[in-house]
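# Architecture and fold: a report
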Amino acid sequence: MSKRIKGSCTTILVGKDASIDGSTIIARNEDGNEPLHPQKFVVVRPEDQPRHYQSVLSKFNIDLPDNPLQYTSTPEAVDGHGLWAAAGINSDNVAMTSTETITTNSRILGVDPLVDEGIGEEDMPTITLPYIHSAREGVERLGSLLEKYGTYETNGIGFSDNNEVWWFESIAGHHWAAVRIPDDAYVVAPNRFNIDDFDFDDHENYMASADLQDLIEQHHINPDREGYDLRHIFGSATIKDTRYNNPRAWYGQKYFNPEFDTTPIDQDLPFICRTDRKISIEDVKFVLSSHYQNTPYDVYGTTGTDAEKKLYRPIGINRNQELHILQIRNDVPAAIAGVHWLAFGPNTFNSVLPFYANVNDTPAPYKNTTGEFDPANMYWLANTLAIFGDTDFALFEDFENLYEENTTAAARNLEIKADAAAADQDDLQSYLASVNDEMAAINVKNSTKLLGQMLKLAAPRMKLQFTLHD
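My aim in this report is to walk through the structure given alongside it, one point at a time. Sequence positions are assigned chain by chain, starting from 1 and proceeding in written order. Since the coordinates come from a predicted model, pLDDT governs what is reported: local features require at least 70, and pairs of side-chain atoms require 80 or more to be given and counted, while whole-chain, interface and lining totals use all residues. For side-chain calculations, the full set of non-hydrogen atoms in the structure is used, while hydrogens and water are omitted.

Moving on to the sheet that holds strand S14 (residues 320-328). Here six strands make up an open sheet; going across it, the order is S12-S1-S2-S14-S15-S16 and the pairing antiparallel. A single partner strand is all that each edge strand has here, and the edge strands are strand S12 (186-189) and strand S16 (353-356). Neighbour-to-neighbour, the strand axes of the sheet open up by a mean angle of 15°, direction not taken into account. Bridge count between strand S1 (residues 10-14) and strand S2 (residues 24-31): five bridges; the pairing is antiparallel. If you follow Thr10 over to S2, its bridge partner there is Asn29. Where helix H11 (residues 393-421) meets the sheet, it contacts strand S15 (338-344) and S16, and its direction lies at approximately 30° from that of S16. Note: two strands are recorded as paired if DSSP finds a minimum of 2 bridges between them. In this text, helices come from DSSP runs of H or I with a minimum length of four residues, and strands from runs of E with a minimum of two, each type numbered from the N-terminal end. Every angle, taken between N-to-C directions, lies between 0 and 180 degrees, and every axis is a line fitted to C-alpha atoms, over only the stretch in contact when it is a helix. Every residue pair with non-hydrogen atoms within 4.5 Å of one another is taken to be in contact.

What follows is the structure, given as structure tokens:
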């Protein structure tokens, strides 16, 4: 059995009335436990989906239904640690991001211990996403699997379709709760238990394992005198949260709501938030790339002390492996509604592209990643830009910003043209795949150009130099 590892991700959820174009959005940074866990972008066809699934990290196994849907996926590129499919959109335009590692506490773990041979992050997308036809069905299927088989870790999972966004959190070994994100709201979720106020009587907007309310009462684990704040009941409020988790939620919320009177260490930052502005893909990308810009805590900043720059864990970090923004649009036909926005590597130095999900194949630079360095593949090229860019952020920042803006703009332009031409295509999936290939080619070209610009800027600053005028 392979060693179990935990990622440390950040999730953003956006309801359809909170987004700029009426789309639902679920997004997450997939962060490894260390830098450089190669990722790839693939399509899993029904004939390639396993009918019997065996976990690598536990003894969990299951016979799967014989009618899977096709879906996109961003799995590990190196075999041996399990699939870790991470995120995708299926052919019914249902999206899933899985998972956000979350916290718990000894009270609930004493009541419902974790299950060493249960399911985990490695397994969840593969055994859930191909078999659901709505976000609500995703919650119900994953909840039933967790109740039956248990889990060896606690996680947060996002589901969406064109109407609804749901956030699911596992609670210790066999229990779970989920909340429908209001259409006009957004969420920034770090690695803590996130759900706060919970209404057990509202079955349209809240779901949970059947005995969860009774469990709370029977074992006296609610610290509040009134109501059910699940974060208080099942989550943590540790010193680590004030350094590792809460600051990320604080910065994301302050970006969307500058008027919030909160601090980075607040333990009761809200779960459901609303803002007067409408949220764009670019907003989501900025927050998931952020490193506390315009605060003393920015590792690249000039106003903070060395101690302040190391005080809080940023959202953009060297352990970002891939960023997905799963968008289900409502202003286009269903056949082109699902967009799997994707970027590889540390997000401060990459560009996200709007890949159509209704395709039979993915672009070669995104699907052919291996464990060996190859700058022809976007995972390795993006990480090269990040490592180089980190050496002198101020020197490269303007060029990186222009690269990201121009690349995303060019891809958006292709998307607009493809949306208009889609109805005239005899083989829509092949056409959309060719558009995705064009987007990937633009990013490879622009990334290579940026690397060349960095070289020209950095070469005169090398310490290994000498002139007679020194």
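Turning our attention to the packing of H11 against helix H12 (residues 428-458). Between H11 and H12, the shortest axis-to-axis distance is 10 Å and the interhelical angle comes to 165°. For the element pair H11 / H12, the angle class is roughly antiparallel. Here H11 runs over H12; the crossing is right-handed. Classification convention: Asp, Glu, Lys, Arg as charged; Ala, Val, Leu, Ile, Met, Phe, Trp, Tyr, Cys, Pro as nonpolar; all other residues, Gly among them, as polar. In terms of residue class, the contact of H11 with H12 is built from 17 nonpolar, six polar and four charged. Comment on the angle field: the value is read as roughly parallel under 35 degrees, roughly antiparallel over 145, roughly perpendicular from 65 to 115, and oblique elsewhere. Left-handed describes a crossing whose near helix is turned anticlockwise from the far helix by less than a right angle; the clockwise case is right-handed.

Ranked by internal contacts, the top residues of the largest apolar core, which has 32 residues, are Ile181, Ile195, Leu230 and Phe234. For this core, the secondary-structure elements that each account for two or more residues are strand S7 (87-89), strand S10 (165-171), strand S11 (175-180), S12, helix H4 (212-218), helix H5 (230-234) and S14. Here, the term nonpolar core denotes a set of buried Ala, Val, Leu, Ile, Met, Phe, Trp, Tyr and Cys residues that are joined through side-chain atoms within 4.5 Å. Residue burial is assigned from relative accessible area. The probe radius is 1.4 Å, only protein chains are included, and a residue is buried under 20% of its type maximum, exposed over 50%, and partly exposed in between.

One pair of aromatic rings is described through two measures. These are the centre distance and the angle between the planes. Any Phe, Tyr or Trp ring, taking Trp's six-membered ring, that has another such ring centre within 6.5 Å forms a pair; planes under 30 degrees apart are called stacked, those over 60 apart edge-to-face, and the others tilted. All chains considered together, the criterion is met by 26 aromatic pairs. Judged by centre distance (5.1 Å) and plane angle (80°), the rings of Tyr255 and Phe256 are edge-to-face. Tyr255 sits in the partly exposed class, given a relative accessible area of 23%. Taken together, the ring pairs connect Phe41, Phe344, Phe355, Tyr366, Phe373, Tyr379 and Trp380 into an aromatic cluster. Across from the ring centre of Tyr244, 5.2 Å away, lies the NZ or CZ of Lys240, which sits over that ring. In our convention, an over-ring charge means Lys NZ or Arg CZ found within 6 Å of a ring centre and within 35 degrees of that ring's normal.

This part takes up the side chain of Asp123. Structurally, the position occupied by Asp123 is in the loop between helix H1 (106-111) and helix H2 (124-128). With residues up to four places along the chain from it excluded, the contact list for Asp123 reads Tyr53, Ser55, Phe60, Gly118 and Tyr152.

Attention now goes to unusual backbone geometry. In this structure, the amide linkage connecting Ser98 to the following residue, Thr99, adopts the cis form with an omega of 10°. The topology assignment puts Thr99 in strand S8 (residues 95-101). Residues other than glycine seldom take positive phi values, yet Trp84 does so here, at roughly 50°. Among the structural elements, Trp84 can be located in the loop between strand S6 (71-73) and S7. Despite not being glycine, Tyr292 has its phi angle at roughly 65°, a positive value. Structurally, the position occupied by Tyr292 is in the loop between helix H7 (281-289) and helix H8 (306-309). Residue class for Tyr292 comes out buried when judged on its relative accessible area of 2%.

An order of S7-S8-S9-S10-S11-S13 is seen for the six strands of this open sheet, with the pairing classed as antiparallel. The open sheet is flanked by S7 and strand S13 (206-208), the only strands paired with a single partner. Strand-to-strand twist across the sheet, computed as the mean angle between neighbouring axes with direction ignored, equals 15°. The sheet contact formed by S7 and S8 spans three bridges and is antiparallel. Looking at S8, one finds that Ile89 is bridged to Ala95. Against the sheet, helix H3 (residues 135-149) touches strand S9 (155-160), S10, S11 and S13, its axis set at about 10° to S10.

This part covers the environment of His220. Tracing the sequence through the fold places His220 in the loop between H4 and H5. On the accessibility criterion, His220 (70% relative accessible area) is exposed.

To estimate the expected span of a helix, count its residues, drop one, and scale the result by 1.5 Å. For H11, built from 29 residues, the straight-helix expectation of 42 Å at 1.5 Å per residue is met to within 8% by its first-to-last C-alpha distance of 41 Å. Within H11, the axis deviates most sharply at Phe399, by approximately 25°. For a residue, the bend is simply the angle between two axes, fitted respectively to the seven-residue segment ending there and the seven-residue segment starting there.

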